[in-house]
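Coordinate inspection notes
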Amino acid sequence: MGKKLAVVALGGNALLRGDQIGTIDEQEENTTLTLENLVFLINEGYNLVITHGNGPQVGNILMRNDAGEQLYQIAQMPLDICVADSQGGIGYMIERMFRNVLNKHGISKNVVGLVTQVLVDINDKAFCDPQKRIGKIYTREQAGELAAVKGWVFKEEVKAEGGFRRVVPSPAPVGVMNVPIIRDLALQGNIVISAGGGGVPVYIDEKKNVRPAEAVIDKDLASSLLASLIGADEFYILTDVPYIYINYRKPDQEIREFLNYADTLKYLKEGQFARGSMAPKIEACLNFLKNGGKKSIITEAFKLADKKYGSKITMEYEDEN
């Protein structure tokens with residue numbers, strides 16, 4: 001029996017916590033702690049493709065863009081270039097940290113990062129309704145000042161009461177470039193880092209040329225699509241909560257450790273999962289199952305190896321659950 005193929009999506013907190021300023025020391029420490037948990041999957045016989053978020057990092061890149069223009073007249077780069085910058089930098093960091101983790105555990109594997117372009121529909125209605133949160137959390141007053149000066153759009157941050165974050169268009173991913181290469185590398189036992197930050201958003205124009213799109217694609221939806229396209233068996237989303245919850249942060253909050261497709265979809269339609277937060281994760285898990293995947297798991301980044309934690313979604317409830 002061959003090894004299972006899993007796609008593991010690392011949430012932004014796996015690299016940078018909300019209360020940190022984002023030094024390289026902080027990000028390397030967080031990344032190393034997260035990757036230590038993935039050794040469990042390697043020892044269980046999985047081939048791995050790793051994806052990652054870039055919300056805090058791409059927001060910081062955009063701010064450096066703006067500061068460079070104001071202070072030194074350096075031309076600003078568009079959002080797709082900023083996403084590519086974040087992919088390269090974060091991918092390099094994950095690759096280097098993972099090599100060190102594997103060395104610590106006596107595991108010999110190649111680790112390779114790929115700058116990945118992800119296709120979107122340029123007519124997606126998301127371009128008229130920005131929802132994707134990027135960058136740091138601001139107070140209402142700070143957000144108002146930045147909106148007035150820079151023309152940025154802000155929305156309230158669901159994870160921080162009274163906080164606001166910048167939002168940009170987040171169209172749905174419809175394709176991933178170089179899928180055969182990603183799949184072949186992973187099936188040969190290489191650890192592949194791909195589709196970081198949801199991928200660099202691009203579209204195909206009327207002349208069949210690849211054009212950039214000013215957006216940030218949701219990394220969980222892009223990761224789910226990639227998992228489906230490469231025929232992964234399982235799809236993991238590592239985030240900052242250990243379970244899927246119903247009535248989240250309410251007096252009657254409940255854990256859902258096991259869910260099937262139908263019940264998960266029902267909860268999603270009821271509005272149980274916050275848009276821009278847990279809802280895209282749930283949609284990503286459901287998309288993976290609908291496209292033939294066997295199991296989706298959402299759990300806290302540092303509890304992957306502990307089977308007491310994590311919520312598992314399958315098409316039908318499993319007898320052993």
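The following paragraphs examine the structure supplied in this document. (Residues numbered from 1 in each chain as written. Predicted model: local features only at pLDDT ≥ 70, side-chain atom pairs only at ≥ 80, totals over all residues. Heavy atoms only, no water.)

So, the pattern of salt bridges
- Under the criterion given, the structure shown has 15 salt bridges.
- One salt bridge in this structure joins Glu-318 and Lys-295, with 3.9 Å as the shortest N-O distance. Linking Glu-318 in the segment after strand E17 (311-314) with Lys-295 in strand E16 (residues 295-300), this pair joins segments that are 23 residues apart in sequence.
- Between Lys-308 and Asp-306 there is a salt bridge, with its nearest N and O atoms 3.0 Å apart.
- Here Asp-306 falls in the partly exposed class, since its relative accessible area comes to 27%. (Salt bridge = Lys/Arg side-chain N within 4 Å of Asp/Glu carboxyl O. Helix = DSSP H or I, 4+ residues; strand = E, 2+ residues; numbered from the N terminus. Buried < 20%, exposed > 50% of the residue type's maximum accessible area, 1.4 Å probe, protein only.)

Some details on the sheet that holds strand E8 (residues 173-176)
- Across the sheet, which stays open at both edges, the 4 strands sit in the order E8-E4-E10-E11 with mixed pairing between neighbours. Every other strand in the sheet has two partners, leaving E8 and strand E11 (210-212) as the edge strands with one partner each. Taking each pair of neighbouring strands and ignoring which way they run, the sheet shows an average axis angle of 45°.
- Together, strand E10 (200-204) and E11 form the strand contacts of helix H3 (residues 79-104), whose direction differs from that of E10 by roughly 130°. (Pairing = 2+ DSSP bridges. Axes fitted to C-alpha atoms, helices over the stretch in contact; angles between N-to-C directions. Contact = heavy atoms within 4.5 Å.)

What to know about the packing of helix H7 (residues 261-269) against helix H8 (residues 278-290)
- Contact geometry of H7 with H8 gives a least axis separation of 11 Å together with a crossing angle of 150°. Accordingly, the angle class assigned to the pair H7 and H8 is roughly antiparallel. Judged by the sense of rotation from one axis to the other, the crossing of H7 with H8 is left-handed. Contact with H7, carried on its side by Tyr-261, Thr-264, Leu-265 and Leu-268, involves Ala-279, Ile-282, Glu-283, Leu-286, Leu-289 and Lys-290 of H8 and no other residues of that element.
- Taken together, the residues that form the contact of H7 with H8 break down as 7 nonpolar, 1 polar and 2 charged. (Parallel < 35°, antiparallel > 145°, perpendicular 65-115°, else oblique. Left-handed = near helix turned anticlockwise from the far one by under 90°. Nonpolar A, V, L, I, M, F, W, Y, C, P; charged D, E, K, R; others polar.)

Describing the sheet that holds strand E7 (residues 164-168)
- An order of E5-E7-E6 is seen for the 3 strands of this open sheet, with the pairing classed as antiparallel. Each end of this open sheet is capped by a strand with a single partner; those strands are strand E5 (132-138) and strand E6 (153-156). Across the sheet, the mean angle from the axis of one strand to that of its neighbour is 40°, orientation sign disregarded.
- In the sheet, E5 pairs with E7 via 4 bridges, with the strands oriented antiparallel. If you follow Arg-133 over to E7, its bridge partner there is Val-167.
- In the packing of helix H4 (residues 140-150) onto the sheet, the strands contacted are E5, E6 and E7, and the crossing angle to E5 comes to about 120°.

Focus: unusual backbone geometry
- One non-glycine residue, Lys-208, lies in positive phi territory at about 70°.
- Looking at the element boundaries, Lys-208 is found in the loop between E10 and E11.
- The phi dihedral of Asn-247 falls on the positive side, at around 60°, and the residue is not glycine.
- Along the polypeptide, Asn-247 turns up in the loop between strand E13 (244-246) and strand E14 (254-256).

With respect to H8
- Taking 1.5 Å of rise per residue, 13 residues should cover 18 Å, and H8 covers 18 Å from first to last C-alpha, within 8% of that figure.
- Judged by how many residues are buried, H8 sits mostly within the fold: 10 of 13 residues are covered.
- Within H8, the full set of buried residues consists of Met-278, Ala-279, Pro-280, Lys-281, Ile-282, Ala-284, Cys-285, Leu-286, Phe-288 and Leu-289.
- Packed against the buried residues of H8 are helix H6 (219-229), strand E12 (234-239), E13, H7, E16 and E17.
- Phi for Gly-292, located one or two positions after H8, is positive at around 105°. (Expected span 1.5 Å × (residues − 1).)

So, the nonpolar core
- One finds Val-49, Ile-230, Phe-235, Phe-273 and Ile-282 to be the most contacted residues of the largest nonpolar core, which totals 44 residues.
- Every element with two or more residues in this core is listed here: strand E1 (4-10), strand E4 (117-120), helix H5 (179-187), H6, E12, E13, H7 and H8.
- Per element, the largest residue contribution to this core is 8 residues, and it comes from H8.
- Those residues in contact with Val-49 that lie beyond four places of it in its chain are Leu-5, Ala-6, Val-7, Val-8, Ile-182, Ala-186, Val-192, Ser-194, Leu-226 and Ile-230.
- One finds Leu-15, Val-39, Leu-238 and Ala-301 within the second-largest nonpolar core, a separate group that totals 28 residues. (Core = buried A, V, L, I, M, F, W, Y, C linked by side-chain atoms within 4.5 Å.)

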